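One-letter residues, chain by chain:
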Amino acid sequence: MKETSQNDLFDSLRLELRRGCLILAVLAQLRVEHYGYTLRKALADEGLAIEESTLYPLLRRLETQGLLTSEWREEQKRNKRFYRLSAAGEVILSQLLVEWNGINESLHGILKDERAR
Amino acid sequence: MDLLERYLQAVGQHLPAKSKNDTLAELRANLLAQIEAREEELGRSLTEAEVAAILEEHGRPMLVAMRYMPQQYLIGPGLFPIYWITMKKSLPLLVLAYATVQAVALIFQGGKGFDPGAAIGHLPFVLLAFWAWMTLAFAVFEFAHGRYFTEIKVSKRWNPFDMPPLAETGRRQSRARGLADLIVHVLGIGWLLAIPYKPVLLVGPGLGYLRGLPVGLTPEWHIFYWQIIALLALMLPLKAAGLYASAGKWRNGLQIAEQVLGVGILVVLVEARTYFVPTAALTMHSLGSLTALNVLLGLCFKIGLVIRVFKLLWDVWKMMTESSTPRTGCAVV
């Protein structure tokens, strides 16, 4: 396989791998209220950098799905839209976390031989 | 902040009117917060180039706007497999229907005014129009279902015992091969139909030389010609049906029927006996050569006929013995 196509394949697989994780991270982070920019910073501080053009539309989508609530509020003389996990979002988040932990444990088991090498 | 406003205006051009103001207000607040954080970091106001760098990193206005739109498909992943199967299944039927229509037109016009080249040349446009209409119909269905009527869901329940029996290894003809066979057959008939009007299709550049010879096809050629065309046309529905027949007796039966028609073609050719006749006075030697040519051609057709009959009998015998023994198969796991 050519190096370029291998890199492209890696990028596309990495994107696919990150997509689900990012939703989980955003939902978890929004147990505390944030607006777009501070949420992005908070995620980046935790080592999970995410592009603005991905994060902001994602917040809208999650809100449309009823997992987040939002409200416009003035902060430092500027109107900002603050997001927070909704009641439905909390239920979904806990279900997703159970799923995530299951996958994580399975992967640990599958990869233990790899780590032992 | 002129650059920021220009950026927001450019994004806004691609946003739906309903959510435009709300989206732009949020985007403005987030970008301003990012700019202010950077200014705080540097301890000074940002230059226009630095603001431009932030906007560049944020993304092209149109792409940014697109990300706020709901995901849309012409034909979504749920419907696409059904669309694909429908296209695959209906394509051979369309080719068959087109060939039938052309054959009927040929019969009713008695060969006069019928242009085989135009009939074949028109086929791609018919296929293209069919593809466009089918795609449009599925796209309309995709748009409407769930919006204007209840979403149709394919049941997860199915019966594994309904699957066709295991085919013998190496025996089963793939559908692609069957389709290619059908297309080649249609083209072959078209080619044969075109020959009387354009003999160059048969002998190519040698036509000029042959026209100079005092020899031509027997005047009865059109009798066996049309008999052959009729037998080839009868093969079409059998080949098309073969695409849908599952492995086993049904498919074997169709193949046997095709072989019978193939034998019929050779019988017609053998029965013709004389293929070429003199068109001008010939010497005794030339006349003898022409007779020998007719005998040789007749012999070739007879040998072909014997081989085809043996093959037919062999396949019939095999089909009969297969049907009387229980079928077994193996699968690679």
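Residues numbered from 1 in each chain as written. Chains lettered and ligands numbered in written order. Predicted model: local features only at pLDDT ≥ 70, side-chain atom pairs only at ≥ 80, totals over all residues. Heavy atoms only, no water.

Q: What exactly am I supposed to notice about the overall build of chain A here?
A: Looking only at helices and strands, one finds four helices and three strands in chain A. Each helix and strand of chain A, ordered N terminal to C terminal, gives the series α-β-α-α-β-β-α. Within chain A, contacts between residues at least 6 apart in sequence are counted, and of these 43% link residues at least 24 apart. With an accessible surface of roughly 7900 Å², chain A has 53% of that area assigned to carbon and sulfur atoms. (Helix = DSSP H or I, 4+ residues; strand = E, 2+ residues; numbered from the N terminus. Contact = heavy atoms within 4.5 Å. Areas by Shrake-Rupley, 256 points an atom, 1.4 Å probe, with all protein chains shown as cover.)

Q: Would you take a moment to explain the interface of chain B and chain A for this structure?
A: With 17 residues of chain B at the contact, the number on the chain A side is 17 residues. Taken together, the two surfaces of chain B and chain A that pack against each other cover about 1600 Å², and 48% of this comes from carbon and sulfur. Summed over the three residues of chain B that lose the most area to chain A, namely Glu26, Asn30 and Arg67 of chain B, the buried surface amounts to 35% of that side. Linking chain B with chain A are five salt bridges. The closest approach of N and O atoms between Arg81 of chain A and Asp22 of chain B, which form a salt bridge, is 2.4 Å. Joining chain B to chain A, the criterion identifies eleven residue pairs in polar contact (both at pLDDT 80 or more). Take the side of chain B that touches chain A: its biggest share by element is twelve residues, from helix α2 (residues 17–42) of chain B. Classifying every residue of the side of chain B that touches chain A gives eight nonpolar, four polar and five charged. (Buried area = accessible area lost by both parts, 1.4 Å probe. Salt bridge = Lys/Arg side-chain N within 4 Å of Asp/Glu carboxyl O. Polar contact = N/O pair within 3.5 Å; in protein donor to acceptor, adjacent residues only side chain to side chain. Nonpolar A, V, L, I, M, F, W, Y, C, P; charged D, E, K, R; others polar.)

Q: Can you walk me through the packing of aromatic side chains in this structure?
A: Two aromatic rings are characterised by how far apart their centres lie and by the angle between their planes. Counting across every chain of the model gives seven aromatic pairs over all chains. With centroids separated by 5.1 Å and ring planes inclined at 80°, the aromatic side chains of Tyr225 of chain B and Trp226 of chain B adopt a geometry described as edge-to-face. Pairwise contacts between aromatic rings join Phe80, Tyr83, Trp84 and Phe138 of chain B into one cluster. Sitting over the face of the ring of Phe82 of chain A, Arg73 of chain A holds its NZ or CZ atom 4.3 Å from the ring centroid. (Phe/Tyr/Trp six-rings, centres within 6.5 Å; stacked < 30°, edge-to-face > 60°. Lys NZ or Arg CZ within 6 Å of the ring centre and 35° of its normal.)

Q: For this particular structure, what's the right way to read the pattern of salt bridges?
A: Think of it this way: side chains of opposite charge can pair up when their charged atoms draw near. Going through the model one piece at a time under the given rule, you end up with 17 salt bridges over all chains. For Arg6 of chain B, the salt bridge is made with Asp2 of chain B, and the minimal N-O distance between the two is 3.7 Å. A residue pair is termed a helical-turn pair when its members lie 3 or 4 positions apart in one helix, as Arg6 of chain B and Asp2 of chain B do in helix α1 (residues 2–12) at four residues. By relative accessible area, Arg6 of chain B is classed as partly exposed at 49%. Accessibility expressed as a relative area gives 48% for Asp2 of chain B, which makes it partly exposed. Residue Asp315 of chain B is joined to Lys311 of chain B by a salt bridge in which the shortest nitrogen-to-oxygen separation is 2.6 Å. In this pair, Asp315 of chain B and Lys311 of chain B are both assigned in helix α12 (residues 284–324), four residues apart and thus about one turn of the helix distant. Residue Asp315 of chain B is classed as buried on the basis of its relative accessible area, which comes to 16%. A residue is classified by how much of its surface remains accessible, and Lys311 of chain B, at 41% relative accessible area, is partly exposed. Beyond isolated ion pairs, a larger network of salt bridges with shared partners links Arg60, Glu63 and Arg81 of chain A together with Asp22 and Glu26 of chain B. (Buried < 20%, exposed > 50% of the residue type's maximum accessible area, 1.4 Å probe, protein only.)

Q: Can you walk me through α1 of chain B in this structure?
A: Residues lying three or four places apart along an α-helix face the same way, a consequence of the helix completing one turn every 3.6 residues. When we look at burial in α1 of chain B, the residues that qualify are Leu3, Leu4, Tyr7, Leu8, Val11 and Gly12 of chain B. Looking at the buried side of α1 of chain B, the elements it contacts are α2, α3 (48–58) and α4 (61–67) of chain B.

Q: So what exactly am I meant to see when it comes to the sheet that holds strand β3 (residues 78–85) of chain A here?
A: Within a sheet, each strand pairs with its neighbour through backbone hydrogen bonds, oriented either parallel or antiparallel. Residue and element names in this part refer to chain A. Strand order across the open sheet formed by three strands is β1-β3-β2, with antiparallel pairing between neighbours. Each end of this open sheet is capped by a strand with a single partner; those strands are β1 (34–35) and β2 (68–75). Here eight bridges tie β2 to β3, and the two strands are oriented antiparallel to one another. Each bridged residue has a counterpart across the sheet, and for Thr69 the counterpart in β3 is Arg84. (Pairing = 2+ DSSP bridges.)

Q: Looking at this structure, how should I read the packing of helix α2 (residues 36–45) of chain A against α2 of chain B?
A: For any two helices packed against each other, one specifies the crossing angle of their axes together with the interaxial distance. As a packed pair, α2 of chain A and α2 of chain B sit with axes 8 Å apart at the nearest point and diverge in direction by 55°. One element, α2 of chain A, and the other, α2 of chain B, form an angle in the oblique class. Here Gly36, Tyr37 and Arg40 of chain A of α2 of chain A lie close against α2 of chain B, whose contacting residues are Asn30, Ala33, Gln34 and Ala37 of chain B. For the contact of α2 of chain A with α2 of chain B, the residue count by class is three nonpolar, three polar and one charged. (Axes fitted to C-alpha atoms, helices over the stretch in contact; angles between N-to-C directions. Parallel < 35°, antiparallel > 145°, perpendicular 65-115°, else oblique.)

Q: Where do I start with the pairing of β3 of chain A in this structure?
A: All names here are of chain A. Of the pairings in the sheet, the one linking β1 to β3 comprises two bridges and is antiparallel in character. Of the residues in β3, the one forming a bridge with His34 is Tyr83. Hairpin connection between β2 and β3: a loop of two residues separates the two successive antiparallel strands, and Gln76 in this loop has a positive phi of roughly 50°.

Q: Looking at this structure, how should I read a nonpolar patch on the surface?
A: Taken together, the side chains of Ile103, Leu107, Ile110 and Leu111 of chain A make up a nonpolar region of the molecular surface, amounting to roughly 370 Å² of accessible area. Mapping Ile110 of chain A onto the fold places it in helix α4 (residues 87–116). (Patch = residues over 30% accessible without salt bridge, like charges linked within 9 Å, V, L, I, M, F, W, Y side chains within 5 Å.)

Q: Explain the environment of Pro61 of chain B here, please?
A: Residue and element names in this part refer to chain B. Along the chain, Pro61 falls in helix α4. Each C-alpha atom of the pair Pro61 and Gln9 lies 8.8 Å from the other, and the pair is 52 residues apart in sequence. Setting aside its immediate chain neighbours within four residues, Pro61 contacts Tyr7, Ala10 and Val11.

Q: Would you mind going over the side chain of Ser90 of chain B with me for this structure?
A: By the element assignment, Ser90 of chain B lies in helix α5 (residues 80–109). In contact with Ser90 of chain B, not counting residues within four places along its chain, are Phe130, Met134 and Tyr244 of chain B.

Q: I would appreciate a short explanation of the side chain of Arg60 of chain A in the present structure.
A: Of note, Arg60 of chain A is situated in helix α3 (residues 52–64). A relative accessible area of 13% means that Arg60 of chain A is categorised as buried. Contacts of Arg60 of chain A, omitting those with residues within four sequence positions, involve Arg81 and Tyr83 of chain A together with Asp22, Thr23, Glu26 and Tyr68 of chain B.

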